[in-house]
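What follows is each chain in one-letter form.
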Amino acid sequence: MKNAYHRNYLRHCRRLIVKLGTGILTTDRGDLSPSRIRNLALQVKTIVRKRAQVVLVSSGAIAGGMARLGLKTRPTRIHDLQACAAIGQNLLMHHYETAFSRLGLVVGQVLLTHGDFQDDQRRENARHTLLRLLKLGVIPIINENDAVSYAEIKFGDNDQLAAQVHKLVHADATILLSTVDGFYVREGRKKFLLKTVGSVSLSLMRHAGDTVSGRSVGGMKSKLLAARRVNAAGCPLIVAGGRVKDILPRLLKGEELGTIFLPRKKCRAP
Ligand code: GLU
């Protein structure tokens with residue numbers, strides 16, 4: 001019942017943050033995939049047509065840069081990662097621009113660092129820019145400004161960035177799309193997908209792992225931390241599989257896909 005209520009809530013959301021992980025934007029060889037990006041753009045268009053505003057938080061810059069330089073393994077030195085990001089961000093936006101403009105939609109790039117959220121003036125500037133883009137009917141595409149962020153001031157992963165942006169623009173819900181299709185817990189030898197999580201407890205955190213794979217960072221732990229932040233703002237966060245057919249429109253129709261993390265109190269009205 002509670003689940004049905006909250007899944008239904010998604011149908012009425014007016015402003016959404018959608019985070020796209022590296023694994024759903026790249027081919028199995030690791031380069032940016034124009035066809036995957038086209039498909040996601042098409043899904044975003046179906047949401048926008050229903051008059052919901054969408055802010056994308058997109059990874060994929062480092063993977064794009066690695067592929068362009070012919071690197072098979074993720075560099076470990078920060079300056080090499082930053083160089084990859086500088087190369088790949090450009091390619092990433094080229095693919096988004098191509099995909100969205102074919103659909104008659106305009107995109108705008110916004111690169112943010114942790115420092116932008118710490119400083120009142122810069123945070124307000126970012127907020128006003130994002131709100132203006134939305135008002136103009138533009139899809140903002142946000143990434144961490146990896147070329148200038150440094151280890152200790154980094155968000156570290158785009159799950160946290162998505163949660164911060166959620167609060168910044170007072171979104172109604174956040175959806176994290178990646179190659180995992182939800183939050184699984186293990187009981188003995190079996191794994192179960194949790195469809196609904198009422199609150200992210202410490203014991204739940206123990207079921208989650210970190211990821212620093214060939215091309216991306218994040219993992220379930222960072223998704224749970226993001227869920228805590230979004231839930232604290234009174235809103236739900238959904239973790240779902242970005243390769244599942246028509247995942248975004250289906251979630252917004254109220255289909256029970258992925259895992260929904262709920263705030264303690266009833267979600268605030270969208
Ligand atoms: N900002 C990084 C990129 O664009 C990704 C960080 C993450 O995957 O969370 O590649």
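Our subject is the structure that appears above.
Residues numbered from 1 in each chain as written. Predicted model: local features only at pLDDT ≥ 70, side-chain atom pairs only at ≥ 80, totals over all residues. Heavy atoms only, no water.

1. What to know about the overall build of the protein chain
Next, step 1: Assigned secondary structure in the protein chain consists of ten helices and twelve strands.
Next, step 2: Seen along its three principal axes, the alpha-carbon backbone of the protein chain occupies a region of about 50 × 45 × 40 Å.
Next, step 3: When the 270 residues of the protein chain are sorted by exposure, 51% land in the buried category.
Next, step 4: Of the contacts made within the protein chain by residues no fewer than 6 positions apart, 73% connect residues no fewer than 24 positions apart.
Next, step 5: Total accessible area on the protein chain stands at roughly 13000 Å², and carbon and sulfur atoms take up 51% of it.
Next, step 6: Of the side chains in the protein chain, 44 bear a positive and 20 a negative charge, and the two mean positions are spaced by 7 Å. (Helix = DSSP H or I, 4+ residues; strand = E, 2+ residues; numbered from the N terminus. Buried < 20%, exposed > 50% of the residue type's maximum accessible area, 1.4 Å probe, protein only. Contact = heavy atoms within 4.5 Å. Areas by Shrake-Rupley, 256 points an atom, 1.4 Å probe, with all protein chains shown as cover. Lys, Arg positive; Asp, Glu negative; His and termini not counted. Charge placed at Lys NZ, Arg CZ, Asp CG, Glu CD.)

2. Side note on the side chain of S178
Next, step 1: Tracing the backbone shows S178 in strand β5 (residues 173-178).
Next, step 2: S178 sits in the buried class, given a relative accessible area of 9%.
Next, step 3: At a separation of 3.3 Å, a polar atom in the side chain of S178 contacts the main-chain amide nitrogen of V180.
Next, step 4: Excluding its chain neighbours within four sequence positions, the residues that come into contact with S178 are I24, K223, A240, G241, G242 and R243. (Polar contact = N/O pair within 3.5 Å; in protein donor to acceptor, adjacent residues only side chain to side chain.)

3. So, the layout of surface pockets
Next, step 1: Approximately 170 Å³ is the volume found for the second largest pocket.
Next, step 2: Along its surface, the second largest pocket is lined by L10, R11, C13, R14, T46, I47, K50, A52, P249, L252 and K253.
Next, step 3: Tallied by class, residues from the lining of the second largest pocket come to six nonpolar, one polar and four charged. (1 Å grid on protein atoms, 1.4 Å probe; cavity = no way out; pocket = protein on both sides within 12 Å on 5 of 7 lines; lining within 4 Å. Points joined across faces, edges and corners; volume = space filled by probe spheres on them. Nonpolar A, V, L, I, M, F, W, Y, C, P; charged D, E, K, R; others polar.)

4. Observations regarding the site of the ligand
Next, step 1: The ligand sits among nine residues. The nearest are A61, I62, N143, D146 and N158.
Next, step 2: Within the contact set of the ligand, an oxygen atom lies 3.0 Å away from a backbone nitrogen or oxygen of A61.
Next, step 3: Summarising the interface, the protein chains cover 96% of the accessible area of the ligand, which totals 300 Å² for the free molecule.
Next, step 4: Classifying every residue of the shell around the ligand gives three nonpolar, four polar and two charged. (Near = heavy atom within 4 Å.)

5. With respect to the pairing of strand β11 (residues 237-241)
Next, step 1: The element β11 is extensively covered by neighbouring structure, given that five of its five residues are classed as buried.
Next, step 2: Two elements, β11 and strand β12 (residues 259-261), share three bridges in a ladder whose sense is antiparallel. Paired with L237 across the strands is F261, a residue of β12. (Pairing = 2+ DSSP bridges.)

6. Considering the side chain of Q82
Next, step 1: Along the chain, Q82 falls in helix α4 (residues 78-102).
Next, step 2: Overall, Q82 belongs to the buried group, its relative accessible area being 9%.
Next, step 3: Excluding its chain neighbours within four sequence positions, the residues that come into contact with Q82 are D146, A147, V148, S149 and Y150.

7. Quick look at unusual backbone geometry
Next, step 1: The phi torsion at R51 lies on the positive side, around 70°, for a residue other than glycine.
Next, step 2: Within the secondary structure, R51 sits in the loop between α2 (34-49) and β2 (53-58).
Next, step 3: Phi at H170 is positive, roughly 50°, even though this residue is not glycine.
Next, step 4: Of note, H170 is situated in the loop between α7 (158-169) and β5.

8. Let's talk about the packing of helix α6 (residues 120-135) against α7
Next, step 1: Interhelical geometry of α6 versus α7 gives an angle of 80° and a closest axis separation of 10 Å. With respect to α7, the element α6 is oriented roughly perpendicular. Contact residues: R123, A126, R127, L130 and L131 in α6; V165, L168 and V169 in α7.
Next, step 2: For the contact of α6 with α7, the residue count by class is six nonpolar, no polar and two charged. (Axes fitted to C-alpha atoms, helices over the stretch in contact; angles between N-to-C directions. Parallel < 35°, antiparallel > 145°, perpendicular 65-115°, else oblique.)

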